Amino acid sequence: MAVTTIQDNNKLVVYTKEINREFVRENMFSPYMGTALTAIIRIKQELKQGGEQMNIPLVTKLRGKGKGAGTLVGNEEKIDNYGMRLWIDWARHAVATKKSEEQKDSADIFNEAKPLLSDWGKERQRDDLIEAFMSLPSEAAPSGLGSDDGDTINGVRYEVATAAQRNTWNASNSDRVLYGSAVSNYNAVHATALANIDTTNDKLTAAVVSLAKRRAMNAVPAIKPYKTRDGYEYFVMFAGTNSFRDLKNDPVMVQANREARAREGNGMDKNPLFQDGDLIYDGVIIRQVPEISLYVTSVWTSLLTAGNASARVEPVFLCGQQAAVLGWGQMAKPTFRKEDDYGFIRGVGTEMAYGVAKMYKKHPMDGSDLKQWGLVTCFVAAAEDA
């Protein structure tokens, strides 16, 4: 019997119209961003009407004893104030294609351009915030400001800072840095302090979280805690995957989650031992930001062997109010290519203008030290998974 078969060119070929885009994490900092003075990451929009830089006034509390029945005239206290400058720059990206390529396309790939550009913008701002938290404060404009590549991160990036610059930052912020699990690990030489971090004893634990909180509470100028709507006060700590893993596995943290943390019902969906998410301990919300660990691997590579016996070190950021600022000149908006070769080329893009900085203030005593305003920078041992 002759059975008809279908020649290859006549076979039905069905391609899915859905494009499986690479997973892009939403901005983990978003819940802590806002225009209020109490926000951890303040959003400023004054430059939307024009301008390249803005001034952010910072004022510390009065510390004088005051007077009783004695003469007050001539004994008034000076208000300690400082104007922090923030520079903005442009961030743009685009994709383009020709009609000849669209004609061949079975999956309408170009229509993914807008969501891909949106993801790029979210990633860019998230990564800029991570770099800003790690940067060294500087009163100078970013080195690449206004160049072809531009620079939306204010301050001196950690990976390009000299040893002298890191030491100056370390000394200026000695009351708001923590190396491992003991204050005594501190050394005026930044590299030496990092080398004091032990692989076993200086991981991120519940005890380190509490110690970092006490460092914030005792810092001068004071680091104000982040306030929730119900009136309770919390600090917020951002940690990478490896340091977050160590905290989650810390027996004290496990016990706290098992015996003390409130949960609804008996189901696994509300149990912090089985579900991922933020940890809470001693008035500190610990949020996992995986990209912090990735930055150690790909950008802050000096930290890969910075600890004792070449231990891998990760930064952890304990934040209070106004730890960082995101200043907008122009919110992200879509753009379209004009040079289209008589309509044969189609291009779509996005553009925005902003600047990101760790907030800082000049020390009132000598007028030279730049102290980060609402942030304790912690360094902990954080080995990669074996």
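This structure is a prediction, so every number in the text was calculated from the model and none was measured. (Residues numbered from 1 in each chain as written. Predicted model: local features only at pLDDT ≥ 70, side-chain atom pairs only at ≥ 80, totals over all residues. Heavy atoms only, no water.)

Novice: Any details on the sheet that holds strand 12 (residues 324-336)? Residues and values, ideally.
Specialist: What the five strands build is an open sheet, ordered 1-2-12-13-5; its pairing is mixed. Since the sheet does not close on itself, it has two edges, and those belong to strand 1 (33-34) and strand 5 (89-98), each with one partner. (Pairing = 2+ DSSP bridges. Helix = DSSP H or I, 4+ residues; strand = E, 2+ residues; numbered from the N terminus.)

Novice: Just give me the short version of unusual backbone geometry, but keep the residues and values in it.
Specialist: Look at the link from Val220 to Pro221: it is a cis peptide, with omega at 0°. With phi around 55°, Gln322 is a residue other than glycine that occupies positive phi space. By the element assignment, Gln322 lies in the loop between strand 11 (313-319) and strand 12.

Novice: Please set out the pattern of salt bridges residue by residue, giving values where relevant.
Specialist: Pairing is possible between side chains that carry opposite charge, provided their charged atoms lie close to one another. Going through the model one piece at a time under the given rule, you end up with 19 salt bridges. Its salt-bridge partner being Lys213, residue Asp282 comes within 3.6 Å of it at the nearest N-O pair. Taken together, the residues span a long stretch of sequence, with Asp282 in the loop between strand 9 (279-281) and strand 10 (284-288) and Lys213 in helix 5 (residues 206-218) at a distance of 69 residues. One salt-bridge network, in which partners are shared between bridges, spans Glu123, Arg126, Asp127 and Glu291. (Salt bridge = Lys/Arg side-chain N within 4 Å of Asp/Glu carboxyl O.)

Novice: Would you mind going over the packing of helix 2 (residues 113-134) against helix 8 (residues 291-298) in detail, with residue names and values included?
Specialist: The contact between helix 2 and helix 8 brings their axes to 11 Å, and the two run at 70°. Considering their axes alone, helix 2 and helix 8 lie roughly perpendicular with respect to each other. The two elements helix 2 and helix 8 meet at a crossing, and its hand is right-handed. Every residue of helix 8 that contacts helix 2 at Arg126, Asp127, Ile130 and Glu131 is listed here: Glu291, Ile292 and Tyr295. Classifying every residue of the contact of helix 2 with helix 8 by side-chain character gives three nonpolar, no polar and four charged. (Axes fitted to C-alpha atoms, helices over the stretch in contact; angles between N-to-C directions. Parallel < 35°, antiparallel > 145°, perpendicular 65-115°, else oblique. Left-handed = near helix turned anticlockwise from the far one by under 90°. Contact = heavy atoms within 4.5 Å. Nonpolar A, V, L, I, M, F, W, Y, C, P; charged D, E, K, R; others polar.)

Novice: Describe the nonpolar core, naming the residues involved and giving the relevant values.
Specialist: Inside soluble globular proteins, nonpolar side chains tend to come together where they are buried. With 47 residues, the main nonpolar core has Phe133 and Phe238 as its most contacted residues. No other element matches helix 2, which puts six residues into this core. In terms of nonpolar packing, the next biggest core, distinct from the first, is built from 23 residues, Ala216, Ala219, Ile286 and Val316 among them. (Core = buried A, V, L, I, M, F, W, Y, C linked by side-chain atoms within 4.5 Å. Buried < 20%, exposed > 50% of the residue type's maximum accessible area, 1.4 Å probe, protein only.)

Novice: Describe the side chain of Gln372, and please don't skip the residues or the numbers.
Specialist: Note on placement: Gln372 falls in strand 15 (residues 370-372). When its relative accessible area of 0% is taken as the criterion, Gln372 is described as buried. A polar contact of 3.0 Å, which involves the side chain of Gln372, links it to the backbone oxygen of Leu375. With residues near it in sequence (within four places) discarded, Gln372 still touches Trp169, Asn173, Arg176, Lys358, Met359, Tyr360 and Thr377. (Polar contact = N/O pair within 3.5 Å; in protein donor to acceptor, adjacent residues only side chain to side chain.)

Novice: Give me the lowdown on helix 5, citing residues and values where you can.
Specialist: When the terminal C-alpha atoms of helix 5 are compared, their 19 Å separation across 13 residues agrees well with the 18 Å that a helix rising 1.5 Å per residue should span. Along helix 5, the residues that are buried comprise Ala206, Val208, Val209, Ser210, Leu211, Ala212, Lys213, Arg215 and Ala216. (Expected span 1.5 Å × (residues − 1).)

Novice: Account for the pairing of strand 3 (residues 53-59), with residues named and values stated.
Specialist: Judged by which residues are buried, strand 3 turns out to be one-sided: Met54, Ile56 and Leu58 face inward and are buried, whereas Gln53, Asn55, Pro57 and Val59, on the alternate face, are not. Here seven bridges tie strand 3 to strand 4 (residues 81-87), and the two strands are oriented antiparallel to one another. Its bridge partner lying in strand 4, Pro57 is registered against Gly83.

Novice: So what's going on with the environment of Gly347? Which residues, and what values?
Specialist: Position of Gly347 among the secondary structure elements: in strand 13 (residues 345-358). Taking relative accessible area as the criterion, Gly347 reaches 10% and is therefore assigned buried. Residues Gly347 and Phe336 lie 11 residues apart in sequence; the distance between their C-alpha atoms is 5.7 Å.

Novice: Requested: an account of the environment of Thr200, with residues and values cited.
Specialist: Within the secondary structure, Thr200 is located in the loop between helix 4 (190-195) and helix 5. Sequence separation between Thr200 and Ala311 is 111 residues, and the spatial gap between their C-alpha atoms is 9.6 Å.

Novice: So what about the packing of aromatic side chains? Which residues, and what values?
Specialist: Inspection of every chain in the model, using the stated rule, returns 12 aromatic pairs. Plain terms: the ring middles of Tyr82 and Tyr360 are 6.1 Å apart, the flat faces sit at 50° to each other, and that makes the pair tilted. With Tyr82 in strand 4 and Tyr360 in strand 14 (residues 360-362), this pair connects stretches of sequence that are 278 residues apart. For Tyr360, a relative accessible area of 3% corresponds to the buried category. Seen in terms of ring centroids, Tyr179 and Phe379 are 5.3 Å apart; in terms of plane orientation they differ by 10°. Their pairing is stacked. Taken as a pair, Tyr179 in strand 6 (residues 177-179) and Phe379 in strand 16 (residues 375-381) lie far apart in primary sequence, 200 residues in all. Accessibility assignment for this pair places Tyr179 and Phe379 in one class, buried. Among the aromatic residues, those joined into a cluster by ring pairs are Phe29, Tyr32, Phe133, Tyr226, Phe238 and Phe317. Positioned over the ring face of Tyr158 is Arg166, at 4.0 Å from the centre of the ring. (Phe/Tyr/Trp six-rings, centres within 6.5 Å; stacked < 30°, edge-to-face > 60°. Lys NZ or Arg CZ within 6 Å of the ring centre and 35° of its normal.)

Novice: Provide a residue-level description of the state of the cysteines, including the pertinent values.
Specialist: Going through the model one piece at a time under the given rule, you end up with zero disulfides. In this structure Cys319 is not part of a disulfide, and its nearest cysteine sulfur, from Cys378, lies 9.5 Å away. (Disulfide = S-S within 2.5 Å.)

Novice: Which residues make up the pairing of strand 12, and what values go with them?
Specialist: As paired strands, strand 2 (residues 41-44) and strand 12 are joined by four bridges and run parallel to one another. Each bridged residue has a counterpart across the sheet, and for Lys44 the counterpart in strand 12 is Gly327. Relative to strand 13, strand 12 runs antiparallel, the two sharing 10 bridges. Residue pairing for strand 13: Lys333 is matched across the bridge by Glu351.

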